[in-house]
Amino acid sequence: MSQSIRDNLKRLLAPRHLAFVGGRSMARALKRCAEGGYGGELWLVNPQHESLEGIPCVARVADLPYPPDAVFIATHRELTLQCVAELAARGAGGAICYASGFAESGEEGRQLQQRLLAAAGNMALLGPNCYGLLDYLHGAALWPVAHGGKRVEKGVAILTQSGNFAYNLSMSDRSLPVAYMASVGNQAQLGVAELMDVLLDDPRVTAIGLHLEGLKNVPGFARAAYKALQQGTPVIALKTGVSQIGAELALSHTSSLSGSDALYDSLFQRLGVIRVSGPVSFVETLKAAACGRLPANGELIALACSGGDAGLIADYAERNQLSLPKLGQGQVAQLAEVLPAYANLVNPLDFTTAIWGDEAALQRMLDSTLSGAADAAMLVLDYPAAFTGERKECDLLLALYCDALERHGKIGFVTSAFPELLPASARERLHARGIAALQGVEDGLAAWGRIVAYQRNRRRLLEQGEAARVPLCPQALTGESRLLDEWQAKHALRAFGLPVPAGVLSTPERAVADAACVGYPLVLKAVSEQLPHKTEAGAVALNLRDAAALEAALVQMRQRIAAYAPHVAFDQVLLEPMAEPPLAELIVGIKREHDFALALVIGAGGVLVELLKDSVSLLLPTTDSAIRAALLNLRSASLLQGFRGRPAADLDALVAAIRAVADYACENAGQLLELDVNPLMVGAHGTTAVDALIRLGQAQGERHE
């Protein structure tokens with residue numbers, strides 16, 4: 001994104017004046033801005049009417065008194081093109097293109113979108129095929145229909161590829177403080193990455209929520225997400241469209257371990273992005289971050305007026321790795337003076353209904369409980385229906401709790417056992433005090449747990465350094481691919497430092513003589529790029545202890561290959577020393593997903609690789625510390641750490657071996673289609689790759705965005 005486009009995007013996000021181009025719906029959109037408190041100038045552009053809905057019209061863009069900072073264009077696609085060109089010529093800041101029929105509709109639409117992009121020049125362009133932008137910091141609703149939000153002084157920014165999701169979210173009864181909501185549409189110019197980058201410059205944006213089907217600009221997204229990580233601004237992602245890569249990479253074991261969605265997981269984990277599973281967890285997690293004050297750790301002081309609620313707190317806190325430190329002796333003594341004898345003076349505290357509505361007793365209880373060392377507190381509070389007339393006691397407790405948090409310098413949240421029993425009036429009061437109003441004790445504690453985990457992970461990721469590295473984003477390769485045979489693949493990887501057996505390339509006729517240089521016991525393998533999976537073809541013979549065994553294996557191998565693949569010549573063999581039994585067998589592979597990432601896949605290997613599916617993916621480039629952490633995150637990691645009295649693996653040697661594979665992949669990213677090292681034999685004093693597969697395509701060079 002050029003600096004001029006970036007500057008114009010800032011105008012779009014903080015507009016001094018707005019223009020709407022279109023008919024009656026745009027007149028109503030303009031009125032909603034005025035009614036919502038927008039204080040700048042507003043213009044309606046329509047060449048066919050002098051006024052619409054009581055709003056006077058300007059006939060042409062050229063007749064506007066000066067270039068508008070932000071424009072909403074709601075005309076058909078041909079007129080949209082013309083209008084964008086006229087606005088760019090006037091020096092407008094940014095335009096939102098509502099019309100559809102562009103790249104999403106086929107080749108003709110793609111060409112039209114390119115013309116639209118050219119017409120925009122350095123003007124910021126959102127869309128086309130998008131609902132637009134809701135700016136609740138300034139009251140600028142560049143939006144074609146009604147919306148449910150209202151002005152805020154600070155809040156979260158939400159970027160979505162679905163206009164309907166944005167519309168429904170604005171109408172939801174969750175009191176989420178939204179600073180910006182953008183429907184990004186086709187992302188012809190401005191996409192998720194570009195918007196994130198500029199939004200992160202505004203300290204009033206406390207968190208960013210992403211509703212994604214996919215990313216168009218992975219390097220740009222990584223740079224923006226790393227900026228958020230450095231600032232401590234949480235990014236929460238709801239990623240839809242979970243799918244596996246098709247049969248394209250069926251040759252590789254690696255492809256069975258890591259599908260498209262697993263690579264998104266890798267990207268998010270690398271950058272500290274909080275991934276959630278649905279709209280409710282999306283909103284509640286954003287609310288937990290919205291005040292901008294995040295918990296230092298996972299310790300909580302928890303309050304409820306019911307033993308049942310206290311039990312729920314205990315269960316859900318443990319499930320979300322949140323700790324409930326014990327109350328000190330002084331706290332217990334103070335609480336015993338104000339609570340009845342039957343009260344259980346523990347954390348979580350059931351302070352009972354005996355002091356319900358008693359302001360002095362409630363304040364003493366809160367001061368005693370919140371005097372503990374934990375930096376965060378929570379209160380479970382369910383409001384009764386308004387007709388009961390019993391809400392004033394809840395309002396009292398809420399006010400006292402807010403005051404006590406401030407008095408003791410703690411952050412906190414309030415939640416309810418049932419989502420609907422924390423009414424909007426209470427939520428708004430809480431958010432005005434910078435306290436998260438979470439709905440549902442299960443969802444609330446899960447949301448808080450995600451923010452705590454984010455804080456913990458953020459420190460680790462910044463120290464580890466991997467997040468600072470922009471992922472490679474390989475282009476699609478055209479033309480035919482070629483498979484290196486095992487000998488070629490091992491030599492290519494050995495040049496980057498991967499330990500391989502000291503083998504000899506031979507022929508069936510010379511094999512017995514050459515075996516003397518290798519020594520027994522040895523392994524015999526047929527060498528051919530047409531036999532990528534040699535075990536199935538009978539092209540591997542293990543633990544051959546003498547010349548007679550080698551001769552017999554050569555005869556049997558020739559017969560098996562002839563039966564399995566009669567077109568394959570049996571003219572080269574590889575002789576290698578028989579490896580010692582390893583502590584563990586791993587697979588290390590490279591997965592290429594065009595226009596997304598080149599990924600290093602590490603998993604439990606050997607013959608059970610596809611059965612166990614125990615793997616971790618790291619996007620390239622990566623770091624040694626990230627590789628080590630990935631190894632220790634495998635379910636089978638105990639095999640590397642002295643399982644049942646066995647020696648521990650040489651982790652330094654193992655990391656170095658995997659680093660060699662990663663270095664080869666990065667160096668050859670322009671042409672590498674896939675790579676498997678399987679198995680990688682892990683020992684107590686070293687690591688050896690006993691088999692390797694590499695497939696290369698036609699080199700196209702790397703794309704850097």
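Residues numbered from 1 in each chain as written. Predicted model: local features only at pLDDT ≥ 70, side-chain atom pairs only at ≥ 80, totals over all residues. Heavy atoms only, no water.

As named in an unreviewed UniProt entry, the protein is CoA-binding domain-containing protein, taken from Pseudomonas putida NBRC 14164.

Comments concerning the packing of helix 1 (residues 3–13) against helix 6 (residues 192–199)
Axis separation between helix 1 and helix 6 bottoms out at 10 Å; the angle between their running directions is 70°. Considering the angle they form, helix 1 stands roughly perpendicular to helix 6. Between helix 1 and helix 6, the contacting residues are Arg6, Leu9, Lys10 and Leu13 on the first element and Glu194, Leu195, Asp197, Val198 and Leu199 on the second. Each residue belonging to the contact of helix 1 with helix 6 can be placed in one class, and the counts come to 5 nonpolar, no polar and 4 charged. (Axes fitted to C-alpha atoms, helices over the stretch in contact; angles between N-to-C directions. Helix = DSSP H or I, 4+ residues; strand = E, 2+ residues; numbered from the N terminus. Parallel < 35°, antiparallel > 145°, perpendicular 65-115°, else oblique. Contact = heavy atoms within 4.5 Å. Nonpolar A, V, L, I, M, F, W, Y, C, P; charged D, E, K, R; others polar.)

Topic: the pattern of salt bridges
Enumeration over the complete set of coordinates arrives at 39 salt bridges. As a salt-bridge pair, glutamate 284 and arginine 174 come within 2.8 Å of each other at their nearest N and O atoms. Of the two residues, glutamate 284 sits in helix 10 (residues 279–290) while arginine 174 sits in the loop between helix 5 (163–171) and strand 11 (178–183), which places them 110 residues apart along the sequence. Taking the relative accessible area as the measure of exposure, glutamate 284 reaches 0% and is therefore buried. Classification of arginine 174 by relative accessible area gives buried; the value is 17%. Taken together, the salt bridges that share partners define one network made up of Glu486, Lys490, Lys525, Lys534, Glu576 and Asp691. (Salt bridge = Lys/Arg side-chain N within 4 Å of Asp/Glu carboxyl O. Buried < 20%, exposed > 50% of the residue type's maximum accessible area, 1.4 Å probe, protein only.)

Structural notes on the packing of helix 22 (residues 624–632) against helix 23 (residues 651–667)
Describing two packed helices takes the angle between their axes plus the distance from one axis to the other. Following both chains from N to C, one finds helix 22 and helix 23 inclined at 115°, their axes separated by 10 Å at the closest point. Comparing the axis directions of helix 22 and helix 23 gives the class roughly perpendicular. Both helix 22 and helix 23 take part in a crossing whose hand is right-handed. Facing helix 22, whose interface residues are Asp624, Ile627, Arg628, Leu631 and Leu632, helix 23 presents Leu651, Asp652, Leu654, Val655, Ile658 and Arg659. (Left-handed = near helix turned anticlockwise from the far one by under 90°.)

Considering the packing of aromatic side chains
According to the stated counting rule, one finds 10 aromatic pairs in the structure shown. With 6.3 Å between their ring centres and 65° between their planes, phenylalanine 221 and phenylalanine 268 make a pair best called edge-to-face. On the criterion of sequence distance, the pair formed by phenylalanine 221 in helix 7 (residues 218–231) and phenylalanine 268 in helix 9 (residues 260–271) is long-range, its members being 47 residues apart. Look at phenylalanine 221 and you get buried, because its relative accessible area is 0%. Centre to centre, the rings of tyrosine 264 and phenylalanine 596 are 4.5 Å apart; their planes meet at 45°, and the pair counts as tilted. Placement of the pair is tyrosine 264 in helix 9 and phenylalanine 596 in the loop between strand 25 (584–593) and strand 26 (597–604), with a sequence separation of 332 residues. Taken as a pair, tyrosine 264 and phenylalanine 596 share a single burial class, namely buried. Each member of the aromatic cluster is reached from another via a ring pair, and the members are Phe72, Tyr98, Tyr131 and Trp143. Positioned above the aromatic ring of tyrosine 264, the side-chain terminus of lysine 239 is 4.5 Å from the ring centre. (Phe/Tyr/Trp six-rings, centres within 6.5 Å; stacked < 30°, edge-to-face > 60°. Lys NZ or Arg CZ within 6 Å of the ring centre and 35° of its normal.)

Details of the environment of aspartate 358
For aspartate 358, the location among the structural elements is in the loop between strand 16 (349–350) and helix 13 (359–369). Linking aspartate 358 and glutamate 393, residues 35 residues apart in sequence, is a C-alpha distance of 8.7 Å.

Describing helix 11 (residues 307–319)
Structurally, the α-helix is built with 3.6 residues per turn, so residues lying three or four positions apart point the same way. The end-to-end C-alpha distance of helix 11 is 19 Å, a good match for the 18 Å that 13 residues give at a rise of 1.5 Å each. Buried residues along helix 11 sit against strand 15 (301–304), strand 16, strand 17 (376–380) and helix 16 (441–464). Positive backbone phi, approximately 55°, marks glutamine 321, located one or two places after helix 11. (Expected span 1.5 Å × (residues − 1).)

Focus on the pairing of strand 30 (residues 692–696)
Successive side chains on a regular strand alternate, one facing one side of the sheet and the next facing the other. Within strand 30, 5 of the 5 residues are buried, leaving the element largely enclosed by the surrounding structure. Bridge analysis of strand 20 (residues 482–484) against strand 30 gives 3 bridges, and the strand direction is antiparallel. Each residue of the ladder has a partner; that of arginine 482, found in strand 30, is leucine 696. Where strand 28 (residues 672–683) and strand 30 come together, 5 bridges link them in antiparallel fashion. The residue bridging leucine 672 from the neighbouring strand is leucine 696, located in strand 30. (Pairing = 2+ DSSP bridges.)

Looking at the UniProt feature "domain: CoA-binding" (unreviewed entry) in the protein
Residues annotated in UniProt with the feature "domain: CoA-binding" (unreviewed entry) correspond here to residues 12–102. The span residues 12–102 is 31% helical and 26% strand by assignment, and the distance between its end C-alpha atoms comes to 22 Å. (UniProt positions renumbered as here; feature names shortened; annotations may be inferred.)

Digging into the sheet that holds strand 15
Judged by pairing direction, the sheet is parallel, and its 5 strands sit side by side in the order 16-15-17-18-19 without closing on themselves. The open sheet has two edge strands, strand 16 and strand 19 (436–437), and neither has a second partner. Where strand 17 and strand 18 (residues 411–415) come together, 5 bridges link them in parallel fashion. Looking at strand 18, one finds that leucine 379 is bridged to valine 414. In this fold helix 11 packs onto strand 15, strand 16 and strand 17, with an angle of close to 150° to the strand it touches most, strand 15.

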